[in-house]
Structures are given as structure tokens and as C-alpha cells.
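# Analysis of the macromolecular model
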Amino acid sequence: MNIEEYGFERSDLVVVTAVNAYLKNLTPEARREILSEIVKQDGVIDGSALAALIENAKAAAMISLEEWQPGEGDYQRALSFIQEQLPAADGEKYVKKIPEKFLQFIADCAAEA
């Protein structure tokens, strides 16, 4: 899924990127199962299941961040931004004020799964 198509705000990019990477690293079967728990057949999105996905994606991203090496320029600015913002991401709080673009992203992921 190309997240750039959605025009996310900078504040949402860390969560979206973590979720996108997490979903891409799952097997197709696991991805379908998780997304079917979030996006029901009638199109309703289960907020608690989405919050759990965000928390799982955050945990996976935090683990992978340990392997990233410091760099220079844009790379280092991006790495620093992620390292600052990711720990503060909270799935339950995020879904309470979830942007419509993020809901569309999740629905599109489920449709592709």
C-alpha cells in the first residue's frame, strides 16, 4: 500500500508507517485474518481491534529501530523523528481521534488482503 496517496498529516505518518510495515511483514493469511477482525463485512471498523493493531505495529517498529544505525542529513532527521514520536503513539488514544484518511487506508488494506 502506498501511504503517500492518502496525504497524511506529519503527525500521523509514524503510526501509518508502522502499521503499513507491520502488515507487509505478515503472511497473507495473517494479514487477512487481522484485517477481517478490524473491518467487518458491513464496513464497520472495530476500534479496539484497530487499537491492538496499532500497538502491535508500534512494538514491532520499536524492536526494529534498535537495528537502525545513526546517519546524516534527512536520514538522521527521519530517524530522530521516529525515535521521538513512536514511543508516544497510543493505539487507544489514536482511534478516539482517528483521521478519516487512516480509516480509508485500513479499509483499502482490508480490500486488498
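Counting from 1, residues in each chain are numbered in the order their sequence is written. At least 70 in pLDDT is required for a residue's local features to be given in this predicted model, at least 80 for side-chain atom pairs to be given and counted, and no such filter applies to totals for whole chains, interfaces and linings, which use all residues. As a rule here, side-chain values cover all heavy atoms of the structure and leave hydrogens and water aside.

## So, the overall build of the chain
To qualify as a helix, a DSSP run of H or I must reach at least 4 residues; to qualify as a strand, a run of E must reach at least 2; elements of each kind are numbered from the N terminus. Within the chain one finds 6 helices and 0 strands. When the elements of the chain are put in sequence order from the N terminus, they spell out α-α-α-α-α-α. As a reference, a globule follows 2.2 Å times the number of residues to the power 0.38, and the radius of gyration itself is taken over C-alpha atoms. The C-alpha atoms of the chain give a radius of gyration of 14 Å, which matches the 13 Å a tight globule of 113 residues would have. A principal-axis box enclosing the C-alpha atoms of the chain has dimensions of 45 × 30 × 25 Å. Throughout, exposure labels follow a simple rule: accessible area from a 1.4 Å probe, protein chains only, divided by the maximum for the residue type, with under 20% read as buried, over 50% as exposed, and the rest as partly exposed. The buried share of the chain, reckoned over its 113 residues, is 33%. Residues are treated as being in contact if the distance between any of their heavy atoms lies within 4.5 Å. By sequence separation, contacts in the chain at least 24 residues apart represent 68% of the contacts at least 6 residues apart.

## Comments concerning the side chain of Asn20
Among the structural elements, Asn20 can be located in helix H1 (residues 10-25). On the basis of relative accessibility, which here comes to 9%, the residue Asn20 falls in the buried class.

## Points about the pattern of salt bridges
When the charged atoms of two side chains lie near each other, side chains of opposite charge can form a pair. Any carboxyl oxygen of Asp or Glu that lies within 4 Å of a side-chain nitrogen of Lys or Arg is treated as forming a salt bridge with it. Inspection of every chain in the model, using the stated rule, returns 2 salt bridges. Between Glu55 and Lys58 there is a salt bridge whose closest N-O contact spans 4.0 Å. Of this pair, Glu55 and Lys58 are both found in helix H3 (residues 47-65), 3 residues apart, which corresponds to roughly one turn of the helix.

## A short note on the packing of helix H2 (residues 28-38) against H3
Each axis is a line fitted through C-alpha atoms, and for a helix only the stretch in contact is used; angles between axes span 0 to 180 degrees, taken between their N-to-C directions. Taken N-terminus to C-terminus, the directions of H2 and H3 make an angle of 140°; their axes are 7 Å apart at the nearest point. Compared by their axis directions, H2 and H3 come out oblique. Residues Ile34, Glu37 and Ile38 of H2 lie in contact with H3, whose contacting residues are Ala49, Leu50 and Leu53. Each residue receives one of three labels: charged for Asp, Glu, Lys and Arg, nonpolar for Ala, Val, Leu, Ile, Met, Phe, Trp, Tyr, Cys and Pro, and polar for the others, Gly being one of them. A breakdown of the residues in the contact of H2 with H3 according to their chemical character gives 5 nonpolar, no polar and 1 charged. Angle categories are assigned with fixed cut-offs, so that under 35 degrees is roughly parallel, over 145 is roughly antiparallel, 65 to 115 is roughly perpendicular, and the rest are oblique.

Just distances and angles here, no functional claims.
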